[in-house]
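Results of the structural survey
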Amino acid sequence: MYKRNLLLFISLIAMAVVTSSCVTSRSIRYLQDMPKEGLPLNKELEAVIVPYDELRIRVYSDGGDEGELVKPFNIMGSMNTNSGTRSYGYLVDVNGNIQFPILGELHVEGLTRLELQEAIRTKLQNEGYVNDPMVVVRIMNFKVFILSSTGGKVINVTNEKCTFLEALAMSGGLSLYTRRDRIGVMRDVNGRRVIHYLDPRSTSIFDDEFFLLQQNDIIFTEINARRYITEAYSNWSLVLSAVSSVLTAIGLWTAISNKITN
């Protein structure tokens, strides 16, 4: 009787652990409140230039980027590395400035790529250097970092635009046991390091200022407590199995002993 009650108690504990460790679709499904008619696109999403960015700036005219008028403004070079030849551009200093040929110091922090293009184009034209210039600006070091329980990953963004959901997709997605309500984005804001949490299960992330990632943002995730419960259950199931085997052996030995005695 005692053995039967003990086995029943162990079974109930195991069932409770398994039930508590279950993962439902509601706890992991993305954008659960997305309306059938969809949501309007935010066309203003564009990365801004921050200190320590590396910018590639080319000025063009009728003679291309090698014309005599624009040649002094295209002095970027390249260097040989172990992986090949690498171009280098204008490094934004800690004050958000770059040193541009002839035009001198330009404050670029906070500008988008298109805004900087227009600012340089206007300055070249208004100061009489080039009549009808075309300026192309690219951010050369746009990277996003992912830290999770499975390791880390660096995402190189080639089109200078990366959203929170895109970064999650490029990292391979979230595991079943990742906490959706505490996915952090760490970013430097006005000289301070800030951590902001996003939840991909809600469409409210589209209106969040951290939805559009910036250069060198770090995304990190946390493991849900269910993962630890599952791992604990896996370990304890071995112990419970061993205990059950011992109890069975004891019961069998007791039965045999009583039969021999009788």
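Up top is the structure.
Residues numbered from 1 in each chain as written. Predicted model: local features only at pLDDT ≥ 70, side-chain atom pairs only at ≥ 80, totals over all residues. Heavy atoms only, no water.

1. Concerning the overall build of the chain
Counted only if it meets this: Working definition: helices are DSSP H or I runs of at least four residues, strands are E runs of at least two. Numbering for both runs from the N terminus. Buried residues are those whose accessible area, probed at 1.4 Å on protein chains only, stays under 20% of the maximum for their type, while exposed residues exceed 50% and partly exposed ones sit between those limits. The protein chains shown are the only cover counted for residues, whose accessible areas, like all others here, come from Shrake-Rupley with a 1.4 Å probe.
Summing up its helical and strand segments, the chain has four helices and twelve strands in all. A total of 262 residues make up the chain; the buried ones form 30% of that total. Of the roughly 16,500 Å² of accessible surface on the chain, a fraction of 56% belongs to carbon and sulfur atoms.

2. Here we look at the pairing of strand E1 (residues 54-60)
Counted only if it meets this: In this description, strands pair whenever DSSP reports at least two bridges between them.
Of all seven residues that make up E1, five are buried, and the element is covered over most of its length. The sheet contact formed by E1 and strand E4 (residues 90-91) spans two bridges and is antiparallel. Bridge assignment links glutamate 54 to a residue of E4, and that residue is leucine 91. Two strands pair when backbone bridges link them, and E1 and strand E7 (residues 134-139) are joined in this way by six bridges, in the antiparallel orientation. Each residue of the ladder has a partner; that of valine 59, found in E7, is valine 135.

3. Here's the deal with unusual backbone geometry
Located in the positive-phi region is tyrosine 52, a residue other than glycine, with phi close to 75 degrees. Take tyrosine 52: it is sitting in the loop between helix H1 (2-20) and E1. Taking relative accessible area as the criterion, tyrosine 52 reaches 52% and is therefore assigned exposed. Phi is positive for asparagine 190, close to 55 degrees, though the residue is something other than glycine. Relative to the helices and strands, asparagine 190 is located in the loop between strand E10 (183-189) and strand E11 (192-198). The exposed category is assigned to asparagine 190, whose relative accessible area is 78%.

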